[in-house]
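In case you want the letters, here they are:
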Amino acid sequence: MASLRPNRCYRDVDKPPYTRKEYIKGVPQPKVVHFIMGNLSADFPVQLDLVSTKAIQIRHNALEAARVAANKYLTKQCGRLGYKFQIRVYPHQVLREHKMATGAGADRISDGMRLAFGKPIGTAARVKEGQAVMSVWVNPDKYEAAKEALRRAAMKLPMPCKIVISKGRELLKI
């Protein structure tokens, strides 16, 4: 498998949406395996959101890396049933790449930029400014652990983020 191009090639929201998978052949599945984790049946009083401060596209492998980092920390700090964690965006946007042949003799193989539409190589989630990317629900005593988990997840994402307390501010001693 070839290596991934850098994220700077795909992070800007500069093209129209390209999401109709029924017309596109060979779109790879997103790497994100679970969108909701932890204790799904409990009602936790405190909710924290990881909010984007910029409109951007987040590739599916970055979303999965952020999910793994946050979920691992939450499981270690709060236990298996002490939290609820949810990814709030889905990678619908299909990313394309026009692979160019390089090296000696490549001019006989490649057609340059003629019909350079590109083949699907992955998916990305389009995020608007101020949109919640991930949410964590915890009890008030585990607030600091949830905040740290979201901070660790933000390190894996390609944009600046802020952590917002959406619910239960009055229960916290801040």
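Here is a short report on the structure shown in this document. (Residues numbered from 1 in each chain as written. Predicted model: local features only at pLDDT ≥ 70, side-chain atom pairs only at ≥ 80, totals over all residues. Heavy atoms only, no water.)

**Digging into the pattern of salt bridges**
Here's step 1: Evaluation of the coordinates by the stated rule reveals six salt bridges.
Here's step 2: The partner of arginine 88 in a salt bridge is aspartate 49, with the nearest N and O atoms 3.7 Å apart. You can see arginine 88 sitting in the loop between strand S4 (83–87) and strand S5 (93–97) and its partner aspartate 49 sitting in strand S2 (residues 46–52), a full 39 residues away along the chain.
Here's step 3: Among the salt bridges present, the one from arginine 151 reaches glutamate 148, with a minimum N-O distance of 2.8 Å. Of this pair, arginine 151 and glutamate 148 both sit in helix H2 (residues 143–155), three residues apart, roughly one helical turn. (Salt bridge = Lys/Arg side-chain N within 4 Å of Asp/Glu carboxyl O. Helix = DSSP H or I, 4+ residues; strand = E, 2+ residues; numbered from the N terminus.)

**Focus on helix H1 (residues 60–78)**
Here's step 1: Its 19 residues give H1 an end-to-end C-alpha distance of 26 Å, which sits within 8% of 27 Å, the value for a rise of 1.5 Å per residue.
Here's step 2: Along H1, the residues that are buried comprise His60, Ala62, Leu63, Glu64, Ala66, Arg67, Ala69, Ala70, Asn71, Tyr73, Leu74 and Cys78.
Here's step 3: Check the buried side of H1 and you find it contacts strand S1 (36–38), strand S3 (56–59), S4, strand S6 (119–127), strand S7 (132–138) and H2.
Here's step 4: Positioned one or two residues after H1, glycine 79 has a phi angle of 85 degrees, which is positive. (Expected span 1.5 Å × (residues − 1). Buried < 20%, exposed > 50% of the residue type's maximum accessible area, 1.4 Å probe, protein only. Contact = heavy atoms within 4.5 Å.)

**Here we look at the packing of H1 against H2**
Here's step 1: Relative to each other, H1 and H2 sit at 160 degrees, their axes nearing to 8 Å. The pairing of H1 with H2 is recorded here as roughly antiparallel in orientation. In the crossing of H1 with H2, the sense of the turn from one axis to the other is right-handed. Here Ala66, Ala69, Ala70, Tyr73, Leu74, Gln77 and Cys78 of H1 come into contact with H2, specifically with Ala145, Ala146, Glu148, Ala149, Arg152 and Ala153. (Axes fitted to C-alpha atoms, helices over the stretch in contact; angles between N-to-C directions. Parallel < 35°, antiparallel > 145°, perpendicular 65-115°, else oblique. Left-handed = near helix turned anticlockwise from the far one by under 90°.)

**Quick look at the sheet that holds S6**
Here's step 1: With respect to topology, three strands assemble into an open sheet ordered S3-S6-S5, the strand pairing being antiparallel. Unpaired on one side and paired on the other, S3 and S5 mark the two borders of the sheet. Each strand of the sheet is rotated relative to its neighbour by a mean of 50 degrees, with strand direction disregarded.
Here's step 2: Note: S5 against S6, five bridges, orientation antiparallel. Paired with glutamate 97 across the two strands is lysine 119, which belongs to S6. (Pairing = 2+ DSSP bridges.)

**Focus: the packing of aromatic side chains**
Here's step 1: Tallying each qualifying case throughout the model produces two aromatic pairs.
Here's step 2: With centroids separated by 5.6 Å and ring planes inclined at 75 degrees, the aromatic side chains of tyrosine 18 and phenylalanine 117 adopt a geometry described as edge-to-face. One end of the pair, tyrosine 18, is in the segment before S1; the other, phenylalanine 117, is in the loop between S5 and S6, and 99 residues separate them in sequence.
Here's step 3: The exposure class of phenylalanine 117 is partly exposed, given its relative accessible area of 47%.
Here's step 4: Directly above the aromatic system of tyrosine 18 lies the positively charged group of arginine 96, at a separation of 4.3 Å from the ring centroid.
Here's step 5: Over the ring of phenylalanine 117 we find arginine 96; its NZ or CZ atom is 4.1 Å from the centre of that ring. (Phe/Tyr/Trp six-rings, centres within 6.5 Å; stacked < 30°, edge-to-face > 60°. Lys NZ or Arg CZ within 6 Å of the ring centre and 35° of its normal.)

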